[in-house]
Amino acid sequence: VNQTEAVVGFDTWGLRHDLLAGIEFGRESSEITRFGQTGRPTASLLYPDFYQIGTINQTFTSDIKTVADTVAVYAVDRIRIGEMFEMILGGRCDVFSAEQDNRTTGQTLDRTDREFTWRAAFVFKPTSAIRTYVSAGTSFNPSAESLTLAANNANLAPETATTYELGGSWDVMDGLRLNDNIYQQALLGVQPH
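Residues numbered from 1 in each chain as written. Predicted model: local features only at pLDDT ≥ 70, side-chain atom pairs only at ≥ 80, totals over all residues. Heavy atoms only, no water.

Novice: Describe the overall build of the protein chain, listing the residues and the values that go with them.
Specialist: Looking only at helices and strands, one finds 0 helices and 8 strands in the protein chain. Along the protein chain, helices (α) and strands (β) appear in the sequence β-β-β-β-β-β-β-β when read from the amino end. With 193 residues in all, the protein chain has 26% of them scored as buried. In the protein chain, of all internal contacts separated by at least 6 residues, the share reaching a separation of at least 24 is 57%. For the protein chain, the exposed area adds up to about 13200 Å²; of that, 56% sits on carbon and sulfur atoms. (Helix = DSSP H or I, 4+ residues; strand = E, 2+ residues; numbered from the N terminus. Buried < 20%, exposed > 50% of the residue type's maximum accessible area, 1.4 Å probe, protein only. Contact = heavy atoms within 4.5 Å. Areas by Shrake-Rupley, 256 points an atom, 1.4 Å probe, with all protein chains shown as cover.)

Novice: Residues and numbers for the environment of Thr-148, please.
Specialist: Position of Thr-148 among the secondary structure elements: in the loop between strand 6 (130–141) and strand 7 (159–173). A C-alpha to C-alpha distance of 9.9 Å links Thr-148 and Ser-30, two positions 118 residues apart in sequence. Every residue in contact with Thr-148, bar those within four places of it in the chain, is listed here: Ser-143 and Asn-153.

Novice: Go over the pattern of salt bridges with me, naming the residues and quoting the values.
Specialist: The final tally for this structure, using the stated rule, is 13 salt bridges. The partner of Asp-94 in a salt bridge is Arg-92, and the shortest N-O contact between them spans 2.8 Å. On the basis of relative accessible area, Asp-94 is assigned to the buried category, the value being 7%. Of the charged contacts in the structure, one is a salt bridge between Asp-113 and Arg-111, with a shortest N-O distance of 2.8 Å. Comparing Asp-113 with Arg-111, the two get one shared label, buried. Each member of the salt-bridge network shares a partner with another, and the members are Asp-11, Arg-16, Asp-18, Arg-78 and Arg-80. (Salt bridge = Lys/Arg side-chain N within 4 Å of Asp/Glu carboxyl O.)

Okay, structure coming up:
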């Protein structure tokens, strides 16, 4: 994974902006060759012989290669509104492509997902030691995530979710901070394309 980011601070109409923007490139690959076994060794439980191959028949069962590429651009802006308020606004656009070549059966599966996700938060700091926030954001999990593309999920759109969160923190003293939050995640499900 290559992730390149830039951070810039600037002022507009009396508001302080801290903008982080970046681009990400990633590649994951997996080559799995599987063998099945029939029979069992005649080794004893107390004195096993792990090199007893004669009674085990190994058969070639599968040879699968999967490659997934990610390209993403993103930006997050923290906007300070005076001393007590902040807004955080962000977005990310992902292109996730995966291809699986089953060299045993000759079947090739591929899928490309293009998704935009966002995040927004409002922060209230009544004192320098207390910080409260409310936030919402979206996320997605492609069907080929973790290189698990298969015939039964190659046509499934990503699972998407929206998360809502309310929380806060209190710096009681140096070295002691109390945090708490509650959140709810709404899964929007998977729809075939």
